[in-house]
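Letter by letter, the chains look like this.
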Amino acid sequence: MRTFQSLFIPGSPEEGSGGFYTLVFMSIFPLSLWLFMKKDSVEDDFELSTVCHRPESMDKLEEQTKFTKKELQVLYRGFKNECPSGVVNEENFKNIYSQFFPQGDSSMYAHFLFEAFDTDKNGSVSFEDFVFGLSIILRGTINDRLNWAFNLYDLNKDGCITKEEMLDIMKSIYDMMGKYTYPTMMDDAPREHVESFFQKMDQNRDGVVTIDEFIDSCKKDENIMQSMQLFDNVI
């Protein structure tokens, strides 16, 4: 299994939120790669073996997402091979990320990401949940992707991002990278990144970042806009 630490070198805080956004958005990449590494030959029919959760019909999912029927078949094949029950739990997420980031502790970041995919908060992620999220990340509009990212950062889902929430996200990413990968990284680096993020995003200086501030600031940042194109050709 190839590791991904080399792809996630955090820039200095002076680089601003563009480098931070790239770091967070790229850290979702293993989920896409995980499915496509697991794919076998794709069957023309949407095979439903003995599973606890049966997904929506392929035609319906094609209408609801930006994936083609063939792409959905490939995604489902990989999903089913790894999760025969038809759902992914938080432990599955943690196992996926531990494989890609063995030199660090990815458990907390995997927890945050699982919360973002578990939209109905039932403790599991179905195939539908998975492809709806991937469809936004890989094929969504700028606003769709930014809304998804905001929801990831807004840990308590109250409609705004606090410094404490962003610090928790940033620390989880640094933990995922691992101290063996970045031995010279200063302990206060995550906090410095958060301060840089708020300097750019908190437009009215009230101590929180709203969705409108987040989207407006991101759209004005050329580095952030470029980072959002990283997934355009994943599938």
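A brief structural summary.

What about the pattern of salt bridges?
Scanning all chains against the criterion turns up seven salt bridges. Among the ionic pairs, Asp-221 bridges to Lys-200, the shortest N-O distance being 3.5 Å. Placement of Asp-221 in the loop between helix H11 (211–219) and helix H12 (222–227) and of Lys-200 in helix H10 (residues 189–201) is noted, with a sequence separation of 21 residues between them. For Asp-216, the salt bridge is made with Lys-220, and the minimal N-O distance between the two is 3.1 Å. For Asp-216, a relative accessible area of 30% gives the class partly exposed. In this structure Lys-220 comes out as exposed when scored by relative accessible area, which is 64%.

Looking at unusual backbone geometry
Located in the positive-phi region is Lys-157, a residue other than glycine, with phi close to 55°. Within the secondary structure, Lys-157 sits in the loop between helix H8 (142–153) and strand E3 (160–162). The phi angle at Arg-205 is positive, at roughly 55°, despite the residue not being glycine. Mapped onto the elements, Arg-205 comes out in the loop between H10 and strand E4 (208–210). A relative accessible area of 48% means that Arg-205 is categorised as partly exposed.

A short note on the packing of helix H6 (residues 107–117) against helix H9 (residues 163–177)
Between H6 and H9, the least distance of the axes is 7 Å, while the angle of their chain directions is 130°. Judged by the angle between their axes, H6 and H9 are oblique. Each of Met-108, Tyr-109 and Phe-112 in H6 lies in contact with H9, whose residues at this interface are Asp-168, Ile-169, Ser-172, Ile-173 and Met-176. Grouping the amino acids of the contact of H6 with H9 by side-chain chemistry returns six nonpolar, one polar and one charged.

Overview of helix H5 (residues 90–100)
Of the positions making up H5, those classed as buried are Phe-93, Ile-96, Tyr-97 and Phe-100. For H5, the angular spread of buried residues about the axis comes to 90°, placing them on one side. Here H5 starts with a cap whose side-chain oxygen sits 3.1 Å from the backbone nitrogen of Glu-91, and that cap is Asn-89.

What about the side chain of Asp-154?
Assignment of secondary structure puts Asp-154 in the loop between H8 and E3. Despite being buried, Asp-154 has no salt bridge partner; Lys-157 is the closest side chain of opposite charge, sitting 6.1 Å away. Ignoring anything within four residues of it in the chain, the contact list for Asp-154 reads Gly-159, Cys-160, Ile-161 and Glu-165.

The rules behind the values
- Residues numbered from 1 in each chain as written.
- Predicted model: local features only at pLDDT ≥ 70, side-chain atom pairs only at ≥ 80, totals over all residues.
- Heavy atoms only, no water.
- Salt bridge = Lys/Arg side-chain N within 4 Å of Asp/Glu carboxyl O.
- Helix = DSSP H or I, 4+ residues; strand = E, 2+ residues; numbered from the N terminus.
- Buried < 20%, exposed > 50% of the residue type's maximum accessible area, 1.4 Å probe, protein only.
- Axes fitted to C-alpha atoms, helices over the stretch in contact; angles between N-to-C directions.
- Parallel < 35°, antiparallel > 145°, perpendicular 65-115°, else oblique.
- Contact = heavy atoms within 4.5 Å.
- Nonpolar A, V, L, I, M, F, W, Y, C, P; charged D, E, K, R; others polar.
- Arc of directions from axis to C-beta.
- Polar contact = N/O pair within 3.5 Å; in protein donor to acceptor, adjacent residues only side chain to side chain.
- Lys, Arg positive; Asp, Glu negative; His and termini not counted.

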